[in-house]
Amino acid sequence: MAPAMITAVILVTWFVPPPEGLTIQAWRLFALFAGAIVFVVANALPILTASVIAVAAAVLSGLLSPAKAYAGFANGTILLIVLAFLVARSVVKCGLGARIGHLLVSRFGRSTLGLSYSIFLVDGLIAPAFPSNTARSGVIFPLAFSLADAAGAKPGDDSRRRLGSFLMFSGIVSLSLSSALWLTAMAANPMGAEIAKRFGVEIGFGSWLLAASVPTIAGIVLMPLVLYRIISPELTSTPEAPAAARLALARLGPLRRDEIVVLVAFAGMVSLWASAASLGLDSTAVAFLGLGGLLASGVLTLEDIRHEGDVLATFIWFAVLFTLSSQLNELGFMGFLGQRLAEAMGGLSPVVAGFALLAAYVLLHYVFVSQTAHLLALFGVFLDVGVKLGVPAAPLAFQLLFATNYFAAITPQGSSANLLFAGSGFLSQRDLYRLGAVSTACTMLIYLVVGTPWLRFVLR
Amino acid sequence: MIRAAIGVLAVLSAPALLGAGGAPQAGTAAAGWRTFAGTWSARGPRQTLPTGAGHSAAIVHLSGAVVLATKDLGGGMLGEAIAFDDGQNLSVGRAVWTDARGDHIFSELKGEPVATGRRVVGTITGGSGQYAGVTGDYSLTWQYVAQDLDDVVQGRAVDLRGRLRKGTP
């Protein structure tokens, strides 16, 4: 779609009277937000450009006050992403990343697919200890990046770009599935369980794991294959890679001083992130502490920070989109759209209504920039409407809660946990939206086909 | 796929569908009363102050969609409220509802703390534009209220029912 046509549609939407029940502010902010996303998806503008133009228009037209428009820049989760970027840089710089990469390649590296499975495996195992999937992305990203590096994929080098893309998007999908597997693997999951209780659905750690186990394990088995088919990495079978990796490891010799410092800093951060909820610690402060330690030790220098221009770009566009989406919510757009959409399904049979509600719930994540905000705005609404239409509460609640995790991959801004991978240099904006749409559709299909009979069995 | 998804969203967000409630239309009540019923999904910051014995007083500033199942007041409004919650048994506040034309309905709130399962009563004290001089009352119950990591609460009120008319009650 040509930029002129997109601009014309935004302008027409801007001047069309809002639907009855919405204020002019909510309607016009939606025009700006949706317009920015369409510009990016159509490859007409980079995401940074589209975002900053949208926020400038929102403030200069008086739709948003400056204080509200810039609130995302002080958001702790968004700061955590910036810090995780910088900490991840230290893993690569000191050589620890290459060592970990060679170690994993020596075990799983007979094929590119095996490298992807190693990401899913590590993530799935550490996930229950990480209530913040954003913090977990700070652990999984250096691992995935190091694997790509060890396999010869470098950002900016086209010869193995698809291999790098495959491993980066494996990280994004892995985080979305590992979050769905465990009640404690994503901050919004316990909130959803609490809301479900209002509809008579009791969800605890064990019942969540039981309900999620079969469809999620099916997803973990199938999704690397799906991504492998879609992305077609340049390198597929590498039977000689494990031996080469073992040789490279031997050449690296014992851990060097900087690697030990990074290893200790990382171990400390992981331990504190894992116990953040029980100790009442702020995950962002933990990342600040880790970065401070790395800077003080000299492993990271101010010169390194100066070269991280991509971090600033990511910080700006994500903070802007986060704010615009939050304000759309506070101006009533999300609640109104969700309620009206759900009500429009009145008259459908319970089975069809259940599927339609789930599909609509997933598609609506295109206008959200936070999984928690989406859940809190719409989960109760969709569950309420579904129950009134005769859909059994427990299976619908579980399907919507699982969706709250796997729809994170649908857009790069769909979860703050995606940002490290999105900014890796391997994935273009077009790749991110295309792969996001396809992988989310496939994951939803897996949860419907495998999860529906499984939920019927375990919820008897 | 992406175009299809955007197309679906665009269609869903079209004014025609947004305006189509599909909900039953309540009749206009006797003596000039106009009745309304619906839900309110609201989000906003909550500032708290621990006041001892495990309690916290709070100021909550909520904003979100009042979606009406009845048509007497249109499909819905933007509902904003600012309230003081003593954390034990009382909340008081003021609310402003704004329709698509920018006309307001003002009300006073009084009830239980802003928490899951609690009830709040509103007294409509006036308005602007087409709602100038209205009076009335309403009540709602919080189906859920949850706090996210950044001291922002989000809740959904159900059983929002009320009535209003021109002139003194």
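Residues numbered from 1 in each chain as written. Chains lettered and ligands numbered in written order. Predicted model: local features only at pLDDT ≥ 70, side-chain atom pairs only at ≥ 80, totals over all residues. Heavy atoms only, no water.

J.: Would you mind showing me how to read the interface of chain A and chain B here?
T.: As a measure of interface size, the accessible area lost when the parts come together is often cited. Each partner contributes to the interface: chain A provides 46 residues, whereas chain B provides 43 residues. Summed over both sides, the interface between chain A and chain B buries roughly 3900 Å², with carbon and sulfur atoms accounting for 67% of that surface. On the chain A side of the interface with chain B, the three residues burying the most area are Glu330, Arg340 and Leu376 of chain A, jointly 17% of the side's total. At the junction of chain A and chain B, the tally comes to two salt bridges. Measuring nitrogen to oxygen at the nearest pair gives 2.8 Å for the salt bridge that ties Asp384 of chain A to Arg156 of chain B. Seen at the junction of chain A and chain B, the total is 10 residue pairs in polar contact (both at pLDDT 80 or more). Secondary structure elements with two or more residues in the side of chain A that touches chain B: helix H2 (24–41), helix H10 (188–197), helix H17 (309–330), helix H18 (333–343), helix H20 (371–388) and helix H23 (429–449) of chain A. When grouped by side-chain class, the residues that make up the side of chain A that touches chain B number 28 nonpolar, 11 polar and seven charged. (Contact = heavy atoms within 4.5 Å. Buried area = accessible area lost by both parts, 1.4 Å probe. Salt bridge = Lys/Arg side-chain N within 4 Å of Asp/Glu carboxyl O. Polar contact = N/O pair within 3.5 Å; in protein donor to acceptor, adjacent residues only side chain to side chain. Helix = DSSP H or I, 4+ residues; strand = E, 2+ residues; numbered from the N terminus. Nonpolar A, V, L, I, M, F, W, Y, C, P; charged D, E, K, R; others polar.)

J.: Help me out: how do you make sense of unusual backbone geometry in this one?
T.: Most of the time, phi is negative for any residue but glycine, and the peptide bond is trans. Notably, Ser232 of chain A is not glycine yet its phi reads approximately 50°, a positive angle. Structurally, Ser232 of chain A can be placed in the loop between helix H11 (205–231) and helix H12 (241–252). Although it is not a glycine, Ala53 of chain B sits at a positive phi angle of roughly 55°. One can find Ala53 of chain B in the loop between strand E1 (34–52) and strand E2 (55–68).

J.: Please explain the packing of aromatic side chains as it appears in this structure.
T.: Two aromatic rings, taken as a pair, are described by how far apart their centres are and by the angle between their planes. Within the structure shown, the criterion is met by 21 aromatic pairs over all chains. Here the guanidinium or amino end of Arg163 of chain B rests over the ring plane of Trp33 of chain B, the centre of that ring lying 4.0 Å away. (Phe/Tyr/Trp six-rings, centres within 6.5 Å; stacked < 30°, edge-to-face > 60°. Lys NZ or Arg CZ within 6 Å of the ring centre and 35° of its normal.)

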